[in-house]
Amino acid sequence: ASLAKVKTFSASVENDLSIDQIGKWSFEEQTGAVAKDISGYGNDGSLSDPGMWQAASDCNLGFGGCIIFNGANYIEAPSSLRQFEYAGGDLTISLWLNPDTGANGDFLSKPWNSSGKYNYRIAWSGTGKISVCLGLSCNSGRSTAESFKKEEWHHIAVVFTSSNKVSIYVDAKLSAQWTHSLVDWVPSGPEGGNGNVSLTMGRTYPGAGGGIIARMDEVAVYNQSLTAYQIRQLYAQGLPRHQLAKK
(Lines give C-alpha, C1' and ligand atoms only; values in the text may rest on other atoms or scores of the structure.)
Protein backbone atom coordinates (compact mmCIF):
# COMPACT_ATOMS: atom_id res chain seq x y z
CA ALA A 1 0.00 0.00 0.00
CA SER A 2 2.83 2.41 0.86
CA LEU A 3 4.47 1.74 -2.52
CA ALA A 4 1.20 2.53 -4.27
CA LYS A 5 1.00 5.81 -2.35
CA VAL A 6 4.57 6.69 -3.37
CA LYS A 7 3.80 6.04 -7.04
CA THR A 8 0.59 8.09 -6.86
CA PHE A 9 2.43 11.02 -5.28
CA SER A 10 5.23 10.69 -7.84
CA ALA A 11 2.76 10.79 -10.71
CA SER A 12 1.13 13.88 -9.23
CA VAL A 13 4.45 15.73 -9.04
CA GLU A 14 5.38 14.67 -12.55
CA ASN A 15 2.05 15.94 -13.87
CA ASP A 16 2.87 19.32 -12.36
CA LEU A 17 6.39 19.48 -13.80
CA SER A 18 6.72 17.20 -16.83
CA ILE A 19 5.26 19.76 -19.24
CA ASP A 20 8.60 21.57 -19.03
CA GLN A 21 10.86 18.51 -19.16
CA ILE A 22 13.14 18.32 -22.19
CA GLY A 23 14.99 15.26 -20.96
CA LYS A 24 14.47 12.65 -18.24
CA TRP A 25 16.40 9.47 -17.60
CA SER A 26 15.11 7.20 -14.82
CA PHE A 27 17.52 4.30 -15.49
CA GLU A 28 14.90 1.60 -15.10
CA GLU A 29 15.94 -0.46 -18.16
CA GLN A 30 18.58 -2.45 -16.24
CA THR A 31 19.97 -3.90 -19.49
CA GLY A 32 21.36 -2.82 -22.83
CA ALA A 33 23.39 0.20 -23.97
CA VAL A 34 20.60 2.82 -24.07
CA ALA A 35 19.10 4.90 -21.27
CA LYS A 36 15.69 5.96 -22.50
CA ASP A 37 14.62 9.59 -22.34
CA ILE A 38 11.06 9.41 -21.02
CA SER A 39 10.34 13.14 -21.47
CA GLY A 40 8.95 12.51 -24.96
CA TYR A 41 11.74 14.39 -26.74
CA GLY A 42 13.70 11.26 -27.66
CA ASN A 43 17.06 12.36 -26.24
CA ASP A 44 18.11 8.81 -25.40
CA GLY A 45 21.45 8.38 -23.64
CA SER A 46 24.16 6.02 -24.85
CA LEU A 47 26.07 4.03 -22.21
CA SER A 48 29.80 3.58 -22.75
CA ASP A 49 29.55 0.36 -20.75
CA PRO A 50 26.40 -1.81 -20.58
CA GLY A 51 27.62 -3.06 -17.19
CA MET A 52 26.72 0.28 -15.56
CA TRP A 53 23.19 -0.83 -14.60
CA GLN A 54 22.58 -1.45 -10.89
CA ALA A 55 19.60 -3.13 -9.25
CA ALA A 56 17.77 -1.57 -6.32
CA SER A 57 19.70 -3.63 -3.75
CA ASP A 58 23.05 -2.50 -5.23
CA CYS A 59 21.90 1.13 -5.32
CA ASN A 60 20.51 1.23 -1.78
CA LEU A 61 17.12 2.07 -3.28
CA GLY A 62 13.71 1.12 -2.02
CA PHE A 63 12.73 0.13 -5.57
CA GLY A 64 13.86 0.61 -9.16
CA GLY A 65 17.48 0.82 -10.29
CA CYS A 66 20.30 3.27 -10.94
CA ILE A 67 23.53 3.81 -12.87
CA ILE A 68 27.05 3.43 -11.45
CA PHE A 69 30.05 5.40 -12.72
CA ASN A 70 33.57 4.11 -12.10
CA GLY A 71 35.54 7.20 -13.10
CA ALA A 72 35.97 6.07 -16.70
CA ASN A 73 32.52 5.12 -17.99
CA TYR A 74 29.86 7.67 -18.92
CA ILE A 75 26.53 8.38 -20.60
CA GLU A 76 26.13 10.83 -23.48
CA ALA A 77 22.70 12.22 -24.33
CA PRO A 78 22.67 14.01 -27.68
CA SER A 79 20.04 16.58 -28.61
CA SER A 80 19.51 17.40 -32.28
CA LEU A 81 17.52 20.46 -31.19
CA ARG A 82 20.33 21.68 -28.90
CA GLN A 83 17.86 21.84 -26.02
CA PHE A 84 20.43 21.36 -23.25
CA GLU A 85 22.44 24.46 -24.08
CA TYR A 86 22.31 27.41 -21.70
CA ALA A 87 22.87 30.85 -23.18
CA GLY A 88 21.24 33.08 -20.62
CA GLY A 89 17.70 31.71 -20.58
CA ASP A 90 15.82 29.52 -18.09
CA LEU A 91 17.04 26.00 -17.38
CA THR A 92 16.99 23.54 -14.46
CA ILE A 93 18.99 20.35 -13.97
CA SER A 94 17.79 17.89 -11.32
CA LEU A 95 19.31 14.55 -10.29
CA TRP A 96 20.10 12.21 -7.43
CA LEU A 97 23.75 11.38 -6.68
CA ASN A 98 25.35 8.90 -4.28
CA PRO A 99 29.11 9.59 -4.32
CA ASP A 100 31.67 6.91 -3.47
CA THR A 101 34.30 7.56 -0.80
CA GLY A 102 36.77 8.36 -3.60
CA ALA A 103 34.41 10.61 -5.55
CA ASN A 104 36.05 13.70 -7.02
CA GLY A 105 35.21 15.12 -10.45
CA ASP A 106 32.59 16.29 -12.91
CA PHE A 107 29.34 14.33 -12.85
CA LEU A 108 27.46 16.30 -15.51
CA SER A 109 28.67 18.67 -18.22
CA LYS A 110 27.67 20.22 -21.53
CA PRO A 111 30.71 20.64 -23.77
CA TRP A 112 30.63 22.93 -26.80
CA ASN A 113 33.37 21.11 -28.66
CA SER A 114 36.51 18.98 -28.36
CA SER A 115 38.76 22.04 -27.96
CA GLY A 116 38.20 22.42 -24.22
CA LYS A 117 35.26 24.84 -24.39
CA TYR A 118 32.28 24.15 -22.14
CA ASN A 119 28.81 25.55 -21.64
CA TYR A 120 28.50 24.36 -18.02
CA ARG A 121 30.03 21.76 -15.71
CA ILE A 122 28.77 20.36 -12.38
CA ALA A 123 31.23 18.63 -10.07
CA TRP A 124 31.66 16.93 -6.71
CA SER A 125 34.92 17.74 -4.91
CA GLY A 126 37.03 15.44 -2.80
CA THR A 127 35.90 17.42 0.25
CA GLY A 128 32.22 16.80 -0.48
CA LYS A 129 31.37 20.20 -1.95
CA ILE A 130 29.34 20.70 -5.12
CA SER A 131 30.43 23.24 -7.70
CA VAL A 132 28.98 24.69 -10.89
CA CYS A 133 30.94 26.64 -13.48
CA LEU A 134 29.74 28.46 -16.57
CA GLY A 135 31.42 29.95 -19.60
CA LEU A 136 33.83 28.82 -22.28
CA SER A 137 36.66 28.32 -19.78
CA CYS A 138 34.69 28.16 -16.52
CA ASN A 139 34.60 31.96 -16.33
CA SER A 140 31.91 32.10 -13.64
CA GLY A 141 31.18 29.64 -10.87
CA ARG A 142 30.65 28.83 -7.22
CA SER A 143 30.96 25.94 -4.77
CA THR A 144 28.71 25.14 -1.85
CA ALA A 145 30.07 26.31 1.49
CA GLU A 146 28.84 23.10 3.09
CA SER A 147 30.38 19.68 2.53
CA PHE A 148 28.00 16.76 2.08
CA LYS A 149 28.28 13.12 3.11
CA LYS A 150 29.56 10.53 0.71
CA GLU A 151 27.98 7.10 0.31
CA GLU A 152 24.56 8.66 0.78
CA TRP A 153 21.92 9.79 -1.71
CA HIS A 154 21.59 13.55 -2.29
CA HIS A 155 19.16 15.43 -4.48
CA ILE A 156 20.96 18.14 -6.45
CA ALA A 157 19.25 20.85 -8.48
CA VAL A 158 20.96 23.64 -10.43
CA VAL A 159 18.71 26.49 -11.55
CA PHE A 160 19.69 29.00 -14.24
CA THR A 161 17.50 32.04 -14.86
CA SER A 162 17.12 34.59 -17.64
CA SER A 163 18.12 37.26 -15.09
CA ASN A 164 21.58 35.59 -14.87
CA LYS A 165 21.06 34.09 -11.42
CA VAL A 166 22.44 30.63 -10.71
CA SER A 167 21.30 28.61 -7.68
CA ILE A 168 22.51 25.29 -6.31
CA TYR A 169 20.05 23.33 -4.16
CA VAL A 170 21.16 20.26 -2.22
CA ASP A 171 18.47 18.15 -0.54
CA ALA A 172 15.95 20.94 -1.20
CA LYS A 173 18.04 23.58 0.60
CA LEU A 174 19.62 26.57 -1.15
CA SER A 175 23.36 25.96 -0.79
CA ALA A 176 24.91 28.52 -3.17
CA GLN A 177 23.69 31.38 -5.34
CA TRP A 178 25.26 34.07 -7.49
CA THR A 179 24.63 36.29 -10.49
CA HIS A 180 26.90 35.90 -13.50
CA SER A 181 27.79 38.62 -16.00
CA LEU A 182 28.57 36.43 -18.99
CA VAL A 183 27.48 37.63 -22.42
CA ASP A 184 29.59 35.47 -24.76
CA TRP A 185 28.35 31.90 -24.71
CA VAL A 186 29.04 30.12 -27.98
CA PRO A 187 32.73 29.75 -28.92
CA SER A 188 33.92 31.38 -32.12
CA GLY A 189 35.34 29.44 -35.03
CA PRO A 190 38.96 29.75 -33.85
CA GLU A 191 37.84 28.43 -30.44
CA GLY A 192 36.28 25.35 -32.00
CA GLY A 193 32.74 26.62 -32.62
CA ASN A 194 29.60 24.86 -31.45
CA GLY A 195 29.99 21.17 -32.13
CA ASN A 196 26.75 20.35 -30.27
CA VAL A 197 28.55 17.76 -28.15
CA SER A 198 26.22 15.58 -26.11
CA LEU A 199 25.17 16.28 -22.54
CA THR A 200 27.60 14.09 -20.62
CA MET A 201 26.92 12.25 -17.36
CA GLY A 202 29.73 10.74 -15.30
CA ARG A 203 32.66 12.46 -17.03
CA THR A 204 33.80 15.88 -18.20
CA TYR A 205 33.68 14.94 -21.90
CA PRO A 206 32.51 11.78 -23.72
CA GLY A 207 35.44 9.40 -23.56
CA ALA A 208 37.84 11.91 -22.00
CA GLY A 209 38.39 14.18 -19.01
CA GLY A 210 37.92 13.52 -15.33
CA GLY A 211 35.19 11.20 -14.19
CA ILE A 212 33.41 10.49 -10.94
CA ILE A 213 32.92 7.33 -8.90
CA ALA A 214 29.27 7.49 -7.89
CA ARG A 215 25.76 6.18 -8.41
CA MET A 216 23.26 8.38 -10.23
CA ASP A 217 19.49 8.29 -10.53
CA GLU A 218 16.52 10.26 -11.88
CA VAL A 219 18.25 12.85 -14.07
CA ALA A 220 15.95 15.52 -15.53
CA VAL A 221 16.40 18.76 -17.50
CA TYR A 222 13.68 21.40 -17.57
CA ASN A 223 13.39 24.37 -19.93
CA GLN A 224 12.25 26.60 -17.10
CA SER A 225 13.66 27.85 -13.82
CA LEU A 226 12.03 25.71 -11.16
CA THR A 227 10.99 27.46 -7.96
CA ALA A 228 12.18 26.49 -4.48
CA TYR A 229 8.75 24.97 -3.88
CA GLN A 230 8.96 22.81 -7.01
CA ILE A 231 12.41 21.62 -6.00
CA ARG A 232 11.06 20.64 -2.58
CA GLN A 233 8.37 18.66 -4.42
CA LEU A 234 10.99 16.76 -6.41
CA TYR A 235 13.00 16.08 -3.27
CA ALA A 236 9.95 14.84 -1.34
CA GLN A 237 8.98 12.65 -4.28
CA GLY A 238 12.37 10.91 -4.22
CA LEU A 239 12.69 10.33 -0.47
CA PRO A 240 10.99 6.89 -0.30
CA ARG A 241 12.79 5.59 -3.42
CA HIS A 242 16.16 6.64 -2.03
CA GLN A 243 15.30 5.33 1.45
CA LEU A 244 15.62 8.73 3.12
CA ALA A 245 12.01 9.19 4.24
CA LYS A 246 12.77 8.16 7.83
CA LYS A 247 16.01 10.11 8.19
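What counts, and at which threshold
- Residues numbered from 1 in each chain as written.
- Predicted model: local features only at pLDDT ≥ 70, side-chain atom pairs only at ≥ 80, totals over all residues.
- Heavy atoms only, no water.
- pLDDT = per-residue confidence, 0-100.
- Contact = heavy atoms within 4.5 Å.
- Salt bridge = Lys/Arg side-chain N within 4 Å of Asp/Glu carboxyl O.
- Helix = DSSP H or I, 4+ residues; strand = E, 2+ residues; numbered from the N terminus.
- Buried < 20%, exposed > 50% of the residue type's maximum accessible area, 1.4 Å probe, protein only.
- Pairing = 2+ DSSP bridges.
- Core = buried A, V, L, I, M, F, W, Y, C linked by side-chain atoms within 4.5 Å.
- Disulfide = S-S within 2.5 Å.

(A) Quick look at the confidence of the model for the protein. Mean pLDDT over the protein: 91, with 91% of residues reaching 70 or higher. Confidence over residues 1-9 falls short of pLDDT 50; this stretch has six contacts with residues more than four positions distant or in other chains.

(B) Inspection of the pattern of salt bridges at higher detail. One pass over the structure, following the stated rule, counts six salt bridges. For Arg241, the salt bridge is made with Glu28, and the minimal N-O distance between the two is 2.6 Å. Taken together, the positions of Arg241 in the segment after helix H3 (228-238) and Glu28 in the loop between strand S1 (21-25) and strand S2 (34-35) put the pair 213 residues apart, joining distant regions of the chain. Arg241 gets classed as buried once you look at its relative accessible area, which sits at 7%. Residues Asp106 and Arg121 are paired through a salt bridge, measuring 2.9 Å at the closest nitrogen-oxygen approach. Placement of Asp106 in strand S8 (residues 105-111) and of Arg121 in strand S9 (residues 118-124) is noted, with a sequence separation of 15 residues between them. Taking relative accessible area as the criterion, Asp106 reaches 8% and is therefore assigned buried. Classification of Arg121 by relative accessible area gives partly exposed; the value is 23%. Because the salt bridges share partners, they merge into one network encompassing Lys24, Glu28, Asp217, Glu218 and Arg241.

(C) Up close: the sheet that holds strand S10 (residues 130-134). Here we have eight strands laid out as an open sheet, ordered S2-S3-S6-S15-S8-S9-S10-S11, and antiparallel in their pairing. The open sheet terminates on both sides in strands that have one partner only, identified here as S2 and strand S11 (140-143). Bridging between S2 and strand S3 (residues 45-47) involves two bridges; their strand directions are antiparallel. The partner of Val34 across the bridge, within S3, is Ser46.

(D) The arrangement of the side chain of Ser140 in detail. Along the polypeptide, Ser140 turns up in strand S11. Excluding anything up to four places from it in sequence, Ser140 contacts Val132, Cys133, Leu134, Trp178, His180 and Leu182.

(E) Structural detail: the nonpolar core. Formed by 46 residues in total, the largest nonpolar core has its most connected members in Trp25, Phe27, Phe107, Leu108, Tyr120, Phe160 and Met201. Contact partners of Phe107, with chain neighbours within four places excluded, come to Leu95, Leu97, Ile122, Ala123, Trp124, Ile130, Ile156, Thr200, Met201, Gly202, Ile212 and Met216.

(F) Region of interest: the state of the cysteines. Following the criterion strictly, the structure yields two disulfides and no others. Paired through a disulfide, Cys133 and Cys138 show a sulfur-sulfur distance of 2.1 Å. Here the protein pairs its bonded cysteines, counted in sequence order, in the arrangement 1-2, 3-4.

(G) Layout of unusual backbone geometry. Not every positive phi belongs to a glycine, and Glu151 is a case in point at roughly 55 degrees. Along the polypeptide, Glu151 turns up in the loop between S11 and strand S12 (154-160). In this structure, Glu218 is a non-glycine residue whose phi angle is positive, near 50 degrees. By the secondary structure assignment, Glu218 is in strand S18 (residues 213-222).

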